[in-house]
Amino acid sequence: MVGSTRGPERLIRVGQWLIALLFAYFLIQVGASLIADLPLLSRAPQLERYVDKPGLQAVEARIAPLSAQRDSLRQQLEAQDGRLQEAREAYERGRRSFETWRSARAATEQSAQNPEVIARARQLDAQLEQQRGLEAERRGLEQRLAGVTAALQQPEQQRESLQRQAQERFERAKRGAELRAFGIRLLFVGPLLGLSIWQFRRYRSSDQWPFVWGFLIFGLFAFFFELVPYLPSFGAYLRYGVGALLTFIGGRALIRWLQDYLQRKEQEQAAPQAERQSQIRYESALQGLSRSQCPSCERSVSRADGTLPDFCMHCGLQLQRDCSSCGHHQIAFFPFCQACGQPGEASVAMPTRRETAAP
Ligand SMILES: [Zn+2]
Ligand SMILES: [Zn+2]
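Residues numbered from 1 in each chain as written. Chains lettered and ligands numbered in written order. Predicted model: local features only at pLDDT ≥ 70, side-chain atom pairs only at ≥ 80, totals over all residues. Heavy atoms only, no water.

1. Notes on the pattern of salt bridges
Logical step 1: This structure, assessed with the given rule, holds seven salt bridges.
Logical step 2: For Arg138, the salt bridge is made with Asp81, and the minimal N-O distance between the two is 2.3 Å. A residue pair is termed long-range when its members are at least 10 positions apart, and Arg138 in helix 3 (residues 115-203) and Asp81 in helix 2 (residues 53-103) qualify at 57 residues.
Logical step 3: Its relative accessible area of 22% is what places Arg138 among the partly exposed residues.
Logical step 4: The class for Asp81 is partly exposed, based on a relative accessible area of 32%.
Logical step 5: With its nearest N and O atoms 2.6 Å apart, the salt bridge here joins Glu142 to Arg138. (Salt bridge = Lys/Arg side-chain N within 4 Å of Asp/Glu carboxyl O. Helix = DSSP H or I, 4+ residues; strand = E, 2+ residues; numbered from the N terminus. Buried < 20%, exposed > 50% of the residue type's maximum accessible area, 1.4 Å probe, protein only.)

2. Quick notes on the coordination of the zinc ion (ligand 2)
Logical step 1: At the metal site, the zinc ion (ligand 2) is ligated by Cys323 (SG), Cys326 (SG), Cys337 (SG) and Cys340 (SG), and these contacts range over 2.2 to 2.3 Å.
Logical step 2: Geometry at the zinc ion (ligand 2) is tetrahedral, judged from the four donor atoms that bind it and their angles of 107 to 113° at the metal.
Logical step 3: Counting the intervening residues between successive donors of the zinc ion (ligand 2) yields the motif C-x2-C-x10-C-x2-C. Of this pair, Cys323 sits in the loop between strand 1 (320-322) and strand 2 (329-331) while Cys340 sits in the loop between strand 2 and helix 8 (353-357), placing them 17 residues apart in sequence. (Donors = N, O, S within 2.8 Å, 3.2 Å for Na, K, Ca; no water. Tetrahedral: all angles 85-135°; square planar, octahedral: opposite > 155°, others 65-115°.)

3. Digging into the confidence of the model for the protein
Logical step 1: On average, residues of the protein score 86 in pLDDT, and 91% of them reach the 70 mark or higher.
Logical step 2: Low pLDDT, under 50, characterises residues 352-359; the predicted model gives this stretch 20 contacts beyond four residues in sequence or across chains. (pLDDT = per-residue confidence, 0-100. Contact = heavy atoms within 4.5 Å.)

4. Some thoughts on the packing of helix 2 against helix 3
Logical step 1: Taken N-terminus to C-terminus, the directions of helix 2 and helix 3 make an angle of 160°; their axes are 7 Å apart at the nearest point. Between helix 2 and helix 3, the angle is such that the two are roughly antiparallel. Like other packed secondary-structure pairs, helix 2 and helix 3 cross with a definite hand, here left-handed.
Logical step 2: Here the residues of the contact of helix 2 with helix 3 are counted per class, giving 23 nonpolar, 12 polar and 17 charged. (Axes fitted to C-alpha atoms, helices over the stretch in contact; angles between N-to-C directions. Parallel < 35°, antiparallel > 145°, perpendicular 65-115°, else oblique. Left-handed = near helix turned anticlockwise from the far one by under 90°. Nonpolar A, V, L, I, M, F, W, Y, C, P; charged D, E, K, R; others polar.)

5. Some thoughts on the coordination of the zinc ion (ligand 1)
Logical step 1: At 2.2 to 2.4 Å from the zinc ion (ligand 1) lie its protein donor atoms, namely Cys294 (SG), Cys297 (SG), Cys312 (SG) and Cys315 (SG).
Logical step 2: Of note, the zinc ion (ligand 1) draws all its donor residues from one chain, in the sequence arrangement C-x2-C-x14-C-x2-C. Highlighted residues: Cys297 in the loop between helix 7 (282-290) and strand 1 and Cys315 in the loop between helix 7 and strand 1, separated in sequence by 18 residues. Accessibility assignment for this pair places Cys297 and Cys315 in one class, buried.

6. Examining a nonpolar patch on the surface
Logical step 1: Residues Leu18, Leu22, Tyr25 and Phe26 make up a contiguous nonpolar surface patch of roughly 420 Å² in combined accessible area.
Logical step 2: Residue position: Phe26 is located in helix 1 (residues 7-37). (Patch = residues over 30% accessible without salt bridge, like charges linked within 9 Å, V, L, I, M, F, W, Y side chains within 5 Å. Areas by Shrake-Rupley, 256 points an atom, 1.4 Å probe, with all protein chains shown as cover.)

7. Here we look at a positive patch on the surface
Logical step 1: A grouping of Arg201, Arg204, Arg252 and Arg256 is seen on the molecular surface, where their side chains present a positively charged patch.
Logical step 2: Counting through the fold element by element, Arg252 comes out in helix 5 (residues 235-270).
Logical step 3: By relative accessible area, which is 45% here, Arg252 ends up partly exposed. (Lys, Arg positive; Asp, Glu negative; His and termini not counted. Charge placed at Lys NZ, Arg CZ, Asp CG, Glu CD.)

8. Section: the packing of helix 3 against helix 4 (residues 209-226)
Logical step 1: Contact geometry of helix 3 with helix 4 gives a least axis separation of 8 Å together with a crossing angle of 150°. Between helix 3 and helix 4, the crossing angle belongs to the class labelled roughly antiparallel. Regarding helix 3 and helix 4, the two cross each other, and that crossing is left-handed. Each of Leu186, Val189, Leu192, Leu193, Leu195, Ser196, Ile197, Gln199, Phe200 and Tyr203 in helix 3 lies in contact with helix 4, whose residues at this interface are Val212, Trp213, Phe215, Leu216, Phe218, Gly219, Leu220, Ala222 and Phe223.
Logical step 2: Within the contact of helix 3 with helix 4, the residues separate by chemical class into 16 nonpolar, three polar and no charged.

9. Some thoughts on the packing of aromatic side chains
Logical step 1: Tallying each qualifying case throughout the model produces 13 aromatic pairs.
Logical step 2: Ring centres of Phe182 and Phe234 lie 6.3 Å apart, and the angle between their planes is 85°; this geometry places the pair in the edge-to-face category. In this pair, Phe182 is assigned in helix 3 and Phe234 in the loop between helix 4 and helix 5, connecting sequence segments 52 residues apart.
Logical step 3: By relative accessible area, which is 3% here, Phe182 ends up buried.
Logical step 4: By relative accessible area, which is 38% here, Phe234 ends up partly exposed.
Logical step 5: Considering the side-chain rings of Phe200 and Trp213, the 4.9 Å spacing of their centres and the 85° angle between planes classify their relative orientation as edge-to-face. One end of the pair, Phe200, is in helix 3; the other, Trp213, is in helix 4, and 13 residues separate them in sequence. (Phe/Tyr/Trp six-rings, centres within 6.5 Å; stacked < 30°, edge-to-face > 60°.)

Structural data, given as structure tokens:
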């Protein structure tokens, strides 16, 4: 088979792509630093700045004494509960010991007139009385606590509402700051993306194509990745929306390209043999044949034994012919005979400067 491109050309092609990627890489680095250094317009908002301080202080001043009173009442209640518990236990102990004492004695000794019985019963009565007193005190404490709690309800609600309002104002300010930060970046990245796409459409086949590609990659990367940390809540719509739009445009271009391609092939195949050959570029003819592909219809022309047929079985293009001087059988696109060196009849388009430059 024949080699398709000249040796250094392939290297240069790889080098050109490398240049494109390197160019994109350095632009991306510069762009990233630039985007990060763009001003945020304002410092991140602080919550304290959005609090109604005098209002909050007034409410706090109302709450503080009531709250202290409530705490003290709670402590008192707890202490009272302890005392009450003790009194109940003491009474219970007394009552039980009186019962055992009585059951251990004869019926006469249990008489209500017995002075010891009377003394013990009185003691128990006194204990019960004390317990009732404690219970009444406890109820009083509970009532006072309920009063204080009720009085606290209104200022506490007021405080909560003040804090909520401050939080809302703070959130709004934060969203605003984020939006401004994003807007500034979009003003930088949006036109950049537009410019990169415009120059790609216009200059992609120029011999400066590595820079055109590099700049396009930079524009796409800046828009779809560098912008991400600054995206507000709706940023995803913008990002994916633009992505969808670009994909749509790219897809349309691809479909159009395919239609053009098929149409071009059809026209090519309809032309007479000599004209067809003249429309085929030398480089692409060799490239196609090296892959056993017809240079015109681009279908595979390899025979079972791996050799080239004289004519393409799909479109009829002549692929091999005999030299008109010496009769050597060779590829029809070679401009000179392999055996005798005489110029052949092949009239393919010889490589131009453009051809070696464009990807
Ligand atoms: Zn063909
Ligand atoms: Zn010859």
